[in-house]
Amino acid sequence: MSSPTQPEHQQYAQGYPAQAPHGYPPVSPPPLNAMAIVTLILAFFFSPAGIVTGIISLKQIKERHEQGRGIALTGLILSSVITAFYLLLVILFVAAFAQV
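Residues numbered from 1 in each chain as written. Predicted model: local features only at pLDDT ≥ 70, side-chain atom pairs only at ≥ 80, totals over all residues. Heavy atoms only, no water.

Trainee: For the overall build of the chain, give the residues involved together with the corresponding values.
Mentor: Scanning the chain from N- to C-terminus turns up four helices and zero strands. Ordering the α and β elements of the chain from the N terminus gives α-α-α-α. Taking all 100 residues of the chain together, 20% fall into the buried category. Taking contacts inside the chain between residues at least 6 apart in sequence as the whole, the part at least 24 apart equals 60%. (Helix = DSSP H or I, 4+ residues; strand = E, 2+ residues; numbered from the N terminus. Buried < 20%, exposed > 50% of the residue type's maximum accessible area, 1.4 Å probe, protein only. Contact = heavy atoms within 4.5 Å.)

Trainee: Quick rundown of the packing of helix 2 (residues 34-45) against helix 4 (residues 69-98)? Include the residues and the values.
Mentor: Look at helix 2 against helix 4: their axes get within 8 Å of each other, and the N-to-C directions meet at 25°. Classified by the angle between their axes, helix 2 and helix 4 sit roughly parallel to one another. Along this stretch, helix 2 crosses helix 4, giving a crossing that reads as left-handed. Across the interface between the two elements, Ala36, Ile37, Thr39, Leu40, Ala43 and Phe44 from helix 2 touch Ile71, Ala72, Thr74, Gly75, Leu76, Leu78, Ser79 and Ile82 from helix 4. Looking at the contact of helix 2 with helix 4, its residues break down into ten nonpolar, four polar and no charged. (Axes fitted to C-alpha atoms, helices over the stretch in contact; angles between N-to-C directions. Parallel < 35°, antiparallel > 145°, perpendicular 65-115°, else oblique. Left-handed = near helix turned anticlockwise from the far one by under 90°. Nonpolar A, V, L, I, M, F, W, Y, C, P; charged D, E, K, R; others polar.)

Trainee: For the side chain of Thr39, give the residues involved together with the corresponding values.
Mentor: For Thr39, the position within the fold is in helix 2. Judged by relative accessible area, which is 0%, Thr39 ranks as buried. A distance of 3.2 Å separates the side chain of Thr39 from the backbone nitrogen of Gly54, its partner in a polar contact. Residue contacts for Thr39: discarding those within four places in its chain leaves Gly50, Thr53, Gly54, Ser57, Ala72, Gly75, Leu76 and Ser79. (Polar contact = N/O pair within 3.5 Å; in protein donor to acceptor, adjacent residues only side chain to side chain.)

See below:
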């Protein structure tokens, strides 16, 4: 501990954790949105559903003030890119067989 003559603000500057004022509960971070994690997982297994869950999770995060916006955006972007890639493959496949 510090000496009794040392001011309180210097104690915190030395690396002591800040504590909640007396009478207030400790501050906890907001929860992580579970739908954001589902979005990231669905991006690799069923990307169209990842797009839908990504949009829903971003809306939930905004309304509920939850964490996970970066995860939801990553899943949404991956889902969109993968879906666009597969759609392009289907279009090329159909065009190739239409000429045969």
